[in-house]
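Examination of the molecular architecture
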Amino acid sequence: MNEAYDAFMDLSTIIGVSPKALSLNGKLAMAFGARGSGNAMAHYEPTRGVINLTKTKGAGSLAHEWWHAFDNYLSGQRGKESEMLTDSPRYKGKDNTTVREEISDAFVNLVKTIKDSPLYKRSRAADAAKSKPYFSTSVEMTARAFENYVVLKMAEA
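Only a predicted model underlies this, so the values are computations on that prediction, with no experimental measurement involved. (Residues numbered from 1 in each chain as written. Predicted model: local features only at pLDDT ≥ 70, side-chain atom pairs only at ≥ 80, totals over all residues. Heavy atoms only, no water.)

**Thoughts on the pattern of salt bridges**
Cut-off, in case you're wondering: By definition, a salt bridge exists where a carboxyl oxygen of Asp or Glu is found within 4 Å of a side-chain nitrogen of Lys or Arg. Partly exposed describes any residue whose relative accessible area lies between the buried limit of under 20% and the exposed limit of over 50%, with all areas from a 1.4 Å probe on protein chains only and scaled to the type maximum.
The tally for this structure, following the rule as stated, stands at 4 salt bridges. In this structure, Arg100 and Glu102 form a salt bridge, with 3.5 Å as the shortest nitrogen-oxygen distance. Note on Arg100: relative accessible area 57%, which makes it exposed. Using a relative accessible area of 53% as the deciding quantity, one classes Glu102 as exposed.

Shown next, in the form of structure tokens:
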């Protein structure tokens, strides 16, 4: 738990928001090795708003899962609590609610930029042996890009 706390403090500094803001208005919960199984370092549960950290190794895992939580939180702002904004940034939710246009535009540009990058090609190649896309989905590529950004910024610091 102490390492997760330290990781959140580092993430707060790197992205320039208060530690309190990382809780996504108190909607984000944490679990430690209590949910899931297999070889995953961590995972995020959109229907429950929980990040589960399952391993003691895996630099960037918290940043990766926090991105998923943030992506999901923004989708919830438009009434789609179990979805991700990166899946359809222009989608308007129930009662025509949506996230601010600047945020929607930023997500559209982020997904477009990633799909024009070598990351997309590598992700598609990684999906070649899978029955359906995973690594090349917008949700996963944006989380991996954010994770790498945070790892890079930590190395620079």
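Let us keep going from here.
**Quick notes on the packing of aromatic side chains**
Where we set the bar: Each aromatic pair joins two rings of Phe, Tyr and Trp (for Trp, the six-membered one) with centres within 6.5 Å, and gets the label stacked for planes under 30 degrees apart, edge-to-face for over 60, and tilted for any other angle. The helix and strand labels rest on DSSP assignments: H or I over at least four residues marks a helix, E over at least two residues marks a strand, and numbering proceeds from the N terminus.
The full count for this structure, using the stated rule, is 7 aromatic pairs. With a centroid separation of 5.9 Å and an interplanar angle of 35 degrees, the aromatic rings of Trp66 and Phe146 are classed as tilted. Placement of Trp66 in helix H2 (residues 61–76) and of Phe146 in helix H5 (residues 138–156) is noted, with a sequence separation of 80 residues between them. The same class applies to Trp66 and to Phe146, which are both buried.

**Remarks on the layout of surface pockets**
Put simply, the rule is: Only protein atoms enter the 1 Å grid used here, on which a cavity is any set of points holding a 1.4 Å probe that cannot leave and a pocket is any open set flanked by protein within 12 Å on both sides along at least five of seven lines; residues with an atom within 4 Å of a point are listed as lining. Grid points are joined across faces, edges and corners, and a volume is the space filled by probe spheres set on the points. Only Asp, Glu, Lys and Arg are considered charged, only Ala, Val, Leu, Ile, Met, Phe, Trp, Tyr, Cys and Pro nonpolar, and every remaining residue, Gly among them, polar.
In this structure, the second largest pocket spans a volume of roughly 410 Å³. Lining the second largest pocket we find 22 residues, and of these His64, Glu65, His68, Tyr134 and Glu140 sit closest to its centre. Listed by contribution, the elements that provide at least two residues to the lining of the second largest pocket are strand E2 (42–45), H2 and H5. Its residues placed into classes, the lining of the second largest pocket shows 10 nonpolar, 7 polar and 5 charged.

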